[in-house]
Amino acid sequence: MVVCTAVLGILRSKGGVGGVRKVATRWLAVSAHRPYSVAVQVGQSSITEKTVLHKYMNLPQPDDKVQVSYVWIDGTGEALRYKTKTVNFEPSTPEELPQWSFDGSSTGQAHGHNSDRYLQPIAMFRDPFKLGKNKLVLCDVYDQDMQPAESNRRKSCMDAMVPVMHHDPWFGMEQEYTLLDVDGQPFGWPKRGFPGPQGPYYCGVGADRVFGRDIEEAHYRACLYAGIDISGTNAEVMPSQWEYQVGPTVGVALGDHMWMARFLLDRVAEDFGAVVSLHPKPVSGDWNGAGAHINFSTKEMRGEGGLKFITEACEKLAARHKHHIGRYGKNNELRLTGLHETSSMDRFSFGVADRSASVRIPRAVQDEGKGYLEDRRPGSNCDPYAVIEALVRTCLLDEVD
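Each value, and the rule that gives it
- Residues numbered from 1 in each chain as written.
- Predicted model: local features only at pLDDT ≥ 70, side-chain atom pairs only at ≥ 80, totals over all residues.
- Heavy atoms only, no water.
- Phe/Tyr/Trp six-rings, centres within 6.5 Å; stacked < 30°, edge-to-face > 60°.
- Helix = DSSP H or I, 4+ residues; strand = E, 2+ residues; numbered from the N terminus.
- Buried < 20%, exposed > 50% of the residue type's maximum accessible area, 1.4 Å probe, protein only.
- Lys NZ or Arg CZ within 6 Å of the ring centre and 35° of its normal.
- Pairing = 2+ DSSP bridges.
- Axes fitted to C-alpha atoms, helices over the stretch in contact; angles between N-to-C directions.
- Contact = heavy atoms within 4.5 Å.

Colleague: I'd like a description of the packing of aromatic side chains, backed by residues and values.
Modeller: Considering all chains together, one arrives at 9 aromatic pairs under this definition. Ring geometry for Tyr-177 versus Tyr-244: centroids 5.9 Å apart, planes at 50 degrees, classification tilted. Separated by 67 residues along the polypeptide, Tyr-177 in strand E6 (residues 170-180) and Tyr-244 in strand E8 (residues 241-250) bring together distant segments of the chain. Owing to a relative accessible area of 1%, Tyr-177 belongs among the buried residues under this scheme. A centroid spacing of 6.4 Å and a plane angle of 20 degrees characterise the contact between Phe-194 and Trp-287, whose relative ring orientation is stacked. With Phe-194 in the loop between E6 and helix H5 (213-226) and Trp-287 in the loop between strand E9 (275-277) and strand E10 (292-297), this pair connects stretches of sequence that are 93 residues apart. An identical accessibility class is assigned to Phe-194 and Trp-287; each is buried. Linked through ring pairs, Trp-189, Phe-194 and Trp-287 together constitute an aromatic cluster. Positioned above the aromatic ring of Trp-100 is the side chain of Lys-85, whose terminal nitrogen or guanidinium carbon lies 4.7 Å from the ring centre.

Colleague: If you had to explain the sheet that holds strand E4 (residues 116-126) to someone new, which residues and values would you point to?
Modeller: With respect to topology, 5 strands assemble into an open sheet ordered E2-E1-E5-E4-E3, the strand pairing being mixed. Unpaired on one side and paired on the other, strand E2 (80-87) and strand E3 (100-103) mark the two borders of the sheet. Within this sheet the neighbouring strands show an average axis-to-axis angle of 40 degrees, counted without direction. Taken together, the 8 bridges between E4 and strand E5 (residues 135-142) define a ladder with antiparallel strand orientation. Counted as the bridge partner of Ala-123 is Leu-138 from E5. Packing of helix H6 (residues 253-271) onto the sheet brings it into contact with strand E1 (66-73), E2, E4 and E5, and relative to E5 it is tilted by some 115 degrees.

Right, dumping it as structure tokens:
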């Protein structure tokens, strides 16, 4: 567990463990904010001056050389890895790019005696860091028998999506995240305490209400440049917590765009010396958790009389509540308590304009009699492929437990 400098300082000022026990407890969740991550003291030699990099990035790049960064989900199912190779042409589709391999024993995806795993390009984006002809490519991971790796949920998602494409399924995801300092404390929070109570931070403006806007703005612009279907962003209820929205996007592409948007967020935050947490409850106590609400509709829901199909979908979701919870992210029980704008993990509910329900039907949808539903259960660290696959299998393929 992280013992932060703020806690040590309060120990001295309060005269012992008793005076700080409550504060230390509220920091408990921070220690688990990120797979493989530990809070560290960063030495001065490890902090690079970003302006120095510019003179190298401004060097002319040969016309026949393109840098392609292969991005993939590692064995945690949450963290991302990437490496870059040079190709002698500018690819126009991911299918033009070669398969590549990597050491799966170093990413939690293989044993050392049989470590080769394979990267299959599946979605390509422009590179907002290297610019020019350079590309980012999202990859599926396959094992030595060319079977999907355990963390490769896209294959199963695609299998479910293909037979329902005549319903024209649209998805939009609202990705909440928390910015941390490298010591594990929320970005911009006092080092010897806590900011004021929640209330002024949601969609806030001002240096005393918003922490990390430069990171959020840089990420937004990077997503637009790359070709991500990003549709908006806002500061969230807990200070140093933000949200961006991706979609509406058709079918499995929602997962492609969400994962690449997460990669871009990690890379942008890296440049600013910050860390991104997708933990559903990064700080315990009277602070909001972080979710990834998923908006879902079909052409029937969006058509006249669509509210009937939305209600039917909610009833199907009620029958498979536990099934969905099992696919909506780790540690989500810390968030789905019935408090802080969440539903209870133990029971399913749906309602109009109800942010304490499992599924919310927006007021405008009820008024118009058509539109979409918002499943508010997924945690911020969920796998988007697993979430939309579960929705399709339950609501369109009529699968039951």
